[in-house]
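An overview of the molecular structure
Each chain is listed here by its residues.
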Amino acid sequence: MVNIPALEQINQILHILFIFLPFLWALGTLPPPDALFLWAMEQVLEFGLGGSSMSTHLRLLVMFVISTGTAVTSYFIPSTVGVVLFMSGLGFLQSLNLSDMGFVLKHSVTRHRVGTKSRTLPSGSEKQFTWKECLFYIIVLVFALLETSFLHHFAGFSQVSKNSSQAVVGYILMILLIILWILREIQSIYIFGIFQNPFYPKDIQTVTVFLEKQTRLMKIGVVRRILLTLVSPFAMIAFLSLDSCLEGLHSVSVSIGFTRAFRMIWQNTESALLEAVIVSAVPLLISGTDLWWNRSLDTGIRLLLVGFMRDRLIQFISKLQFAVTILLASWTEKKQHRKTTTTLCILNIAFFPFLLVIIVFSTLLSSPLLPLFTLPVFLVGFPRPIQSWPGAVGTTACVCADTVYYYQMVPRLTAALQTAMAAGSLGLLLPGSHYLGRFQDRLIWVMILEHGYTYCCINIKGLELQETSCHTAEARRVDEVFEGAFEQEEYTKVCSLNEHFGNVLTPCTVLPVKLYSDARNVLSGIIDSHENLKEFKSDLVKVLVWIFIQYCSKRPSMQQDVHKTENKGKAPLITLPALNTSPHSKSPEDTGSLNSETLDDWSDDDNIFDDEPTIKKGKEEKDQLKDLPGTNLPIPGSVESQSTDDHLSIPENNLYKAVLLGYPAIDKGKQDMAYIPLMKFSCSHSHLLSLPEEWRSNCMPNSKMKEMSLLFPEDWYQFVLRQLECFHSEEKASNVLEEIAKDKVLKDLYVRTVMTCYFSLFGIDNTAPSPGHILRVYSGVLPWSVALDWLTEKPELFQLALKAFRYTLKLMIDKASLGPIEDFKELFNCLEEYESDWYIGLVSDEKWKEAILQEKPHLFSLGYDPNMGIYTGRVLTLQELLIQVGKLNAEAVRGQWANLSWELLYATNDDDERYSIQAHPLLLRNLTIQAADPPLGYPIYSSKPVHIHLY
């Protein structure tokens, strides 16, 4: 073996290579073992076996083993018809999304057996695989096998010539390729990324206008999809089945080449069609039959070589464009132009052949072209798989409060991407392609992971919304690129050019997606208006009444008791602190013992807490209560029948004074609290709308309660009661509601609860609240008052009162911007709209996120900008809007990601403000670094592999 020339040459080459290995290791060109292994499997699967890069490493390994087994098995099949049927059938099946289909079918069978819906579904299977699709695939497979067998068995084989049957099919493939190319190019805004498409709608501003103008393009897209999904594969099957090379079996080259060819027909139809056209056109263009291409190679190997050259040519053009963009940006951009960069540009121009060798070597290895620190210093990055990062896709993201917006958007965006991809609006779908979507402050990064017959697997990432200066600079460039493409006037030139051709971003199309638009308004002049704030107080009482009545009418216990009420003879007794006390009982506030400072909710005076005898007295009374086990005491607020026997050893006045914690101390000798009588509703249905027992309070002094009860809107209270629908199942619902509205006991109960909550939120001052007070209470920070502890101890009531306050603020803003409320009916409808279509709260609340995921039509939040000193309102509105999408230079993305990996792992440059992540409008460097997988990048959302069905 020493004298074999080939081994001697390899020995010499390896001796030279081993000398450079330390240098290559230092430059980061040598790949890690796992990356090298996955890259090798991916390259062999794609170019040797006709497959595609896969979305996960496990799928890649399984598909590699299955595809290799198919090629090996085909070598041992003796029958020519059998081997053709075997390669054609398995090529079709392997191009399908078998794992997803198998999971969904298993789920359907399990659900059918159990009779219930299973709770677990794959995250990417929003659109489930159905039996109709299964039937479609079976029919296509049967027709493909029939066509293959008939053509191979009955058609006569002949050498390739201008009159052979295979040549005729080749002409048909050429026509199909041209038609499909034209239909695909007119779906996007630019042709070749340079010329404006005259058929694409211009000046797109709204969804309705865009959908109207795009109707013709969508019809063309359907025709293109039929030609691509059904016509082209069967035409290529005819081309392969008529090939004379299939006569000579038991050849490794035939097994490998045709296994790949029959797989590529389905796996990547557009690329396979281009390869078949090139292979069929070369013999027709070259007259000599003794050439190496015709003599030594069979059709399968020719297709393999053409496919390899096609992929490498696309990579070479992309890498060359990336290198030229860096050179031009380093020379022309002011922020990039320095003395060092000028020197580097001159060196690159002087040693351009050497730069070309680096690009060619990087292209042959299918490894990223690495610009050192994003400067015009180019290295060859180590070969790595398409995913670029280790680990599973979508498992890590820098989750924050803004992530929820992407969670809501992604299912809708996936449906829009499905339509655009099926129509061809996003161009040629190749694994490793990157797309960038833009809407307001949201940036969506889409990467294609896998592609097969009628399906595509993608990963969607969402970038941060809090814009830094670098983020803003590049986002502005993205907006300029999209505006120049999609917002052109009707009278512009028919075939204008792409002004931003040098940018790595090429606009493709716009996608109608239902998502939240974010509007931020300045509330100056509204929230600080004295008139608006004065109306705010009266509106708050009305909203509290509406909130409490709606809550009580919709309680589950109330709904259950509606039909049981008629069987009751008497209404239950209720303990109610009377607003009109009896003459023999004088309340402590009537004696003047209640200081007005006690009710001052903004008072910082600590003297009211320094009355030591009062504290001791309260403690003694509490201890006195503790010494009476088993005594049935009439606790205020209880609806149970309370004993009024005279044999109780404790005076009732002492008892009530002990439990009413909001009262100040009372001097000896003075009359204590009034006796609270037992009262009953005048209507037998009133208890269904009664407030819960624990909400019945006597923490407010009666004199103040009587004063504040004058603010209670009785006419509004009765109007709201008459609008209820919970009694409509009964015959005389209006009569029932009329009786309830006249029940004074129920009204007094609402008066006391509503005004206590009003007092807790506002205080009893007649002055208008300040904007700062509005903001604090809106945020859940209430001022101190006598009733504050009582309210905060009841979380449900506190949340209802807070919701009423927020509704009132939104009502004040709407009245200021849209006009005053005319009558009670309009106010009632407005509050019902708030309840059903709005979430009014804080952005930091968990319920804010829940409302977004539940897709509430509108959301509102109040905020304050301390830098500007202004109050702001933020309104989110769910509506169908247009997301602008463009295709990125895939090699520019891979090159910058390779530099990021090299810099952080080899150069250990982990400075947060390092040069290589600063804004670069041409390369979109900062956005590209953000889109890398954590911990090197920091997207705030990253989806698991999402499978999209393309039909």
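Residues numbered from 1 in each chain as written. Predicted model: local features only at pLDDT ≥ 70, side-chain atom pairs only at ≥ 80, totals over all residues. Heavy atoms only, no water.

Comments concerning the overall build of the chain
When its secondary structure is counted, the chain shows 32 helices and 15 strands. For the chain, the proportion of its 951 residues judged to be buried stands at 53%. Considering only contacts in the chain between residues 6 or more positions apart, those separated by 24 or more positions represent 76%. Only carbon and sulfur atoms are counted for the fraction: they give 61% of the accessible area of the chain, which is about 44300 Å². (Helix = DSSP H or I, 4+ residues; strand = E, 2+ residues; numbered from the N terminus. Buried < 20%, exposed > 50% of the residue type's maximum accessible area, 1.4 Å probe, protein only. Contact = heavy atoms within 4.5 Å. Areas by Shrake-Rupley, 256 points an atom, 1.4 Å probe, with all protein chains shown as cover.)

Overview of helix α18 (residues 530-553)
Between its first and last C-alpha, α18 extends 35 Å over 24 residues, near the 34 Å set by a 1.5 Å rise per residue. At Lys537, α18 shows its largest bend, some 30°. Most of α18 is tucked away, with 18 of its 24 residues classed as buried. (Expected span 1.5 Å × (residues − 1). Bend = angle between axes of the 7 residues up to and from the residue.)

Let's talk about empty space enclosed by the protein
By rolling a water-sized probe across the atoms, one finds the places where empty space is left. Scanning the entire structure with this criterion turns up 13 cavities of 30 Å³ or more. Each pocket or cavity is described by its volume, and for the largest cavity that value is around 140 Å³. Arg225, Leu228, Thr269, Glu270 and His451 are the residues nearest the centre of the largest cavity, which is lined by 15 residues in total. If you list the elements that add at least two residues to the lining of the largest cavity, you get α9 (215-241), α10 (252-267), α11 (269-285) and β6 (442-452). The element best represented in the lining of the largest cavity is α9, accounting for 4 residues. (1 Å grid on protein atoms, 1.4 Å probe; cavity = no way out; pocket = protein on both sides within 12 Å on 5 of 7 lines; lining within 4 Å. Points joined across faces, edges and corners; volume = space filled by probe spheres on them.)

Observations concerning the pairing of strand β13 (residues 870-888)
Taking burial as the measure, the 19 residues of β13 include 15 buried ones, the bulk of the element. The pairing of strand β5 (residues 434-439) with β13 spans 5 bridges and is antiparallel. From the neighbouring strand, His434 faces β13, where its bridge partner is Leu888. Two elements, strand β8 (residues 505-522) and β13, share 17 bridges in a ladder whose sense is antiparallel. Residue Thr509 lies in a different strand from β13, and its bridge partner there is Val885. When strand β12 (residues 858-865) meets β13, the two strands line up antiparallel, connected through 8 bridges. Of the residues in β13, the one forming a bridge with Leu859 is Leu876. Hairpin connection of β12 to β13: 4 residues between the antiparallel strands, including Gly869 at a positive phi of 70°. (Pairing = 2+ DSSP bridges.)

Thoughts on the nonpolar core
Counting 79 residues, the largest nonpolar core has Phe548, Tyr750 and Leu809 as its most contacted members. Among the elements that make up this core, the one with the highest residue count is α18 (13 residues). Residues contacting Tyr750, with those up to four places away along its chain left out, are Phe548, Ile549, Cys552, Leu689, Leu691, Phe712, Tyr717 and Met755. With 46 residues, the next largest nonpolar core counts Leu369, Val893, Leu900 and Ile917 among its residues. (Core = buried A, V, L, I, M, F, W, Y, C linked by side-chain atoms within 4.5 Å.)

Considerations on the side chain of Gln166
Examined against the element boundaries, Gln166 turns out to sit in helix α7 (residues 165-185). Among the polar contacts made by the side chain of Gln166, one reaches the main-chain carbonyl oxygen of Phe239 at a distance of 3.0 Å. (Polar contact = N/O pair within 3.5 Å; in protein donor to acceptor, adjacent residues only side chain to side chain.)

Quick look at the pairing of β6
The buried fraction of β6 amounts to 11 of the 11 residues, a majority that puts the element mostly inside the structure. In this structure, β5 lies alongside β6, joined through 6 bridges in antiparallel fashion. What sits directly across from His434, in β6, is Met447. Joining the antiparallel neighbours β5 and β6 is a turn of 2 residues, in which Gln440 adopts a positive phi near 50°. Count of turn residues in the β6/strand β7 (residues 455-462) antiparallel hairpin: 2 residues, of which Thr454 carries a positive phi of about 60°.

As for the packing of helix α13 (residues 299-332) against helix α31 (residues 890-905)
For the pair α13 and α31, interaxial distance at closest approach is 8 Å and the crossing angle is 65°. The handedness of the crossing between α13 and α31 is right-handed. The segment α13 lies against α31, with Gln315, Ser318, Lys319 and Phe322 engaging Glu891, Ala892, Gly895 and Gln896. Residue composition of the contact of α13 with α31, grouped by class: 2 nonpolar, 4 polar and 2 charged. (Axes fitted to C-alpha atoms, helices over the stretch in contact; angles between N-to-C directions. Left-handed = near helix turned anticlockwise from the far one by under 90°. Nonpolar A, V, L, I, M, F, W, Y, C, P; charged D, E, K, R; others polar.)

Comments concerning the packing of helix α3 (residues 57-75) against helix α4 (residues 80-94)
Two elements in contact, α3 and α4, have axes separated by 10 Å at closest approach and are oriented at 170°. By the angle class used here, α3 and α4 are roughly antiparallel. For the pair formed by α3 and α4, the contact residues are Met63, Ile66, Ser67, Thr70, Thr73 and Ser74 on the first element and Val83, Phe86, Met87, Leu90 and Gln94 on the second. (Parallel < 35°, antiparallel > 145°, perpendicular 65-115°, else oblique.)

Some points on a nonpolar patch on the surface
A grouping of Ile4, Leu7, Ile10, Leu14, Leu17 and Phe18 is seen on the molecular surface, where their side chains present a nonpolar patch of about 500 Å² in accessible area. Along the chain, Leu7 falls in helix α1 (residues 5-26). (Patch = residues over 30% accessible without salt bridge, like charges linked within 9 Å, V, L, I, M, F, W, Y side chains within 5 Å. Salt bridge = Lys/Arg side-chain N within 4 Å of Asp/Glu carboxyl O.)

Quick word on the packing of aromatic side chains
Under the definition given, this model contains 30 aromatic pairs. Arranged with centres 6.3 Å apart and planes meeting at 50°, the rings of Tyr200 and Phe486 form a pair that is tilted. In this pair, Tyr200 sits in the loop between β2 (195-196) and α8 (207-213) while Phe486 sits in helix α17 (residues 469-486), placing the two residues 286 residues apart along the sequence. The same class applies to Tyr200 and to Phe486, which are both buried. Feature note: the residues Phe92, Phe136, Tyr137, Phe234, Trp266 and Tyr453 constitute an aromatic cluster, connected by ring pairs. The ring centre of Trp838 lies 4.1 Å from the NZ or CZ of Lys810, which sits over that ring. (Phe/Tyr/Trp six-rings, centres within 6.5 Å; stacked < 30°, edge-to-face > 60°. Lys NZ or Arg CZ within 6 Å of the ring centre and 35° of its normal.)

As for the pattern of salt bridges
Charged atoms that come close allow side chains of opposite charge to pair. Here the structure, examined in full by the defined rule, presents 23 salt bridges. Residues Asp518 and Arg874 are paired through a salt bridge, measuring 2.7 Å at the closest nitrogen-oxygen approach. Placement of Asp518 in strand β8 and of Arg874 in strand β13 is noted, with a sequence separation of 356 residues between them. For the pair shown, Asp518 and Arg874 are each scored as buried. Each of Arg184, Glu185, Arg224 and Glu270 takes part in salt bridges that share partners, so that together they form one network.

Some words on unusual backbone geometry
Residues Pro934 and Pro935 are joined by a peptide bond in cis, for which omega reads 5°. Within the element layout of this structure, Pro935 appears in the loop between α32 (925-930) and β14 (941-942). Of note, Thr454 is a non-glycine position whose phi angle comes to about 60°, a positive value. Inspection of the secondary structure assignment puts Thr454 in the loop between β6 and β7. Judged by its relative accessible area of 1%, Thr454 is buried. Backbone geometry places Leu924, a non-glycine residue, at a positive phi of 55°.

As for the confidence of the model for the chain
Taken as a whole, the chain shows an average pLDDT of 79; of its residues, 78% reach a score of 70 or greater. In the predicted structure, residues 116-127 sits below a pLDDT of 50 and forms 21 contacts with residues beyond four places in sequence or in another chain. Overall, residues 565-678 carries pLDDT values under 50, and its contacts beyond four positions in sequence, including any with other chains, amount to 148 contacts. (pLDDT = per-residue confidence, 0-100.)

Some points on helix α28 (residues 795-818)
Think of an α-helix as turning once every 3.6 residues; residues three or four places apart then point the same way. Taking 1.5 Å of rise per residue, 24 residues should cover 34 Å, and α28 covers 34 Å from first to last C-alpha, within 8% of that figure. Of all 24 residues making up α28, 17 are buried, and the element is well covered by its neighbours. Gly819 occupies a position one or two residues after α28 and carries a positive phi of about 115°.

Thoughts on the environment of Thr403
In this fold, Thr403 is placed in helix α16 (residues 403-423). Taking the relative accessible area as the measure of exposure, Thr403 reaches 3% and is therefore buried. Residues Thr403 and Leu465, 62 residues apart in the sequence, show an inter-C-alpha distance of 9.2 Å. Setting aside its immediate chain neighbours within four residues, Thr403 contacts Cys398, Ile940 and Tyr941.

Regarding the environment of Ser188
The residue Ser188 is located in the loop between α7 and β1 (190-191) in this model. Through-space distance from the C-alpha of Ser188 to that of Tyr200 is 6.9 Å; in sequence the pair is 12 residues apart. When near neighbours in sequence (up to four residues on either side) are disregarded, Ser188 contacts Asn197, Tyr200, Ser425 and Cys508. Of the polar contacts made by the side chain of Ser188, one reaches the backbone oxygen of Tyr190; its length is 3.1 Å.

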